[in-house]
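Listed here are the chains, written in short residue letters.
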Amino acid sequence: MGKENSVEQGFEKLLFASRWLLAPVYLGLVVALGLLVVVFLRELFHYLPMALEMSDEKVILLILSLIDLALAGNLLLIVIFSGYENFVSKLDLDGESDRPDWMGKIDFSGLKIKLIASIVAISTIQLLKQFMEVGKEAGVSPVELRWLIALHLTFVFSGVMMAVMDWLKARSKSCD
């Protein structure tokens, strides 16, 4: 009986240690964040010399693109920090004074809500950019626009349903 227990304990320790297999995934996301910064700076420096000649509409499209990249970066940070802390190990940053308030407090449910909210925001910006192209020669076709709206509404609906499920789950726990 003791040998079976030690085998089980060894197996459970192995399973628990396997969470570290995710560490390279989060490191890869840090590299992806670096790539996002490169793309952001490339866009910014590409259009900066043209700033005085750009139309209002072109400036708005550029700003929307930069906001879109910033939201994607925020999304990456949320996934990196929350995912690492929820699934791999707690970040030991006791001396850090600028640690975001949400770090270490967001659970998997909160992570899902933040993710879908970021996706909806990114989708909204993409849709807004396409609306600004309506009526132009190379603009988006009505069929493409309908698909973009349908996709956006799907993201919104998914977010609302996730929030409702989390609310129901929290409510059922408070009733127990």
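Structural data are supplied above this passage.
These numbers come from a predicted model, not from an experiment.

With that settled, consider the overall build of the chain. Scanning the chain for helices and strands turns up five helices and zero strands. In the chain, the order of α-helices and β-strands from amino to carboxyl end is α-α-α-α-α. Expected size for 176 residues packed as a compact globule is a radius of gyration near 16 Å; at 22 Å, the chain overshoots this value by more than 25%. Once the C-alpha set of the chain is aligned to its principal axes, its extents read approximately 80 × 40 × 30 Å. The 176 residues of the chain split such that 23% are buried. Intrachain contacts of the chain at a sequence separation of at least 6 include 68% that bridge at least 24 residues. Here the chain displays about 12,400 Å² of accessible surface, and carbon together with sulfur accounts for 69% of that area. Charged side chains of the chain number 16 positive and 20 negative; the gap between the two group centres comes to 6 Å.

With that settled, consider the packing of helix H2 (residues 23-47) against helix H3 (residues 56-87). Where H2 meets H3, the closest approach of the two axes is 10 Å, and the angle between their N-to-C directions is 165°. If you check the angle between H2 and H3, you find them roughly antiparallel. Note that H2 runs across H3; the crossing there is left-handed.

Judged by nonpolar contacts, Leu61, Leu64, Leu71, Leu75, Ile122, Ile125 and Met132 together constitute the single largest core of seven residues. Looking at this core, the elements that each hand over two or more residues are H3 and helix H4 (108-132). For this core, the element with the highest residue contribution is H3, accounting for four residues. If near-sequence neighbours (up to four positions away) are discounted, Leu61 is found in contact with Lys129, Met132 and Glu133.

The N-to-C vectors of H3 and H4 enclose an angle of 165°; their axes lie 10 Å apart at closest approach. In this view, H3 runs roughly antiparallel relative to H4, as classed from their interaxial angle. As H3 packs across H4, the resulting crossing turns out to be left-handed.

Before going further, it helps to examine the side chain of Asp68. Within the secondary structure, Asp68 is located in helix H3. Buried Asp68, no salt bridge; nearest opposite-charge side chain is Lys129, N-O distance 4.3 Å. With sequence-adjacent residues up to four places away left out, Asp68 is seen in contact with Ile122, Ile125, Gln126 and Lys129.

Calculation notes
- Residues numbered from 1 in each chain as written.
- Predicted model: local features only at pLDDT ≥ 70, side-chain atom pairs only at ≥ 80, totals over all residues.
- Heavy atoms only, no water.
- Helix = DSSP H or I, 4+ residues; strand = E, 2+ residues; numbered from the N terminus.
- Rg over C-alpha atoms; globule rule 2.2 N^0.38 Å.
- Buried < 20%, exposed > 50% of the residue type's maximum accessible area, 1.4 Å probe, protein only.
- Contact = heavy atoms within 4.5 Å.
- Areas by Shrake-Rupley, 256 points an atom, 1.4 Å probe, with all protein chains shown as cover.
- Lys, Arg positive; Asp, Glu negative; His and termini not counted.
- Charge placed at Lys NZ, Arg CZ, Asp CG, Glu CD.
- Axes fitted to C-alpha atoms, helices over the stretch in contact; angles between N-to-C directions.
- Parallel < 35°, antiparallel > 145°, perpendicular 65-115°, else oblique.
- Left-handed = near helix turned anticlockwise from the far one by under 90°.
- Core = buried A, V, L, I, M, F, W, Y, C linked by side-chain atoms within 4.5 Å.
- Salt bridge = Lys/Arg side-chain N within 4 Å of Asp/Glu carboxyl O.

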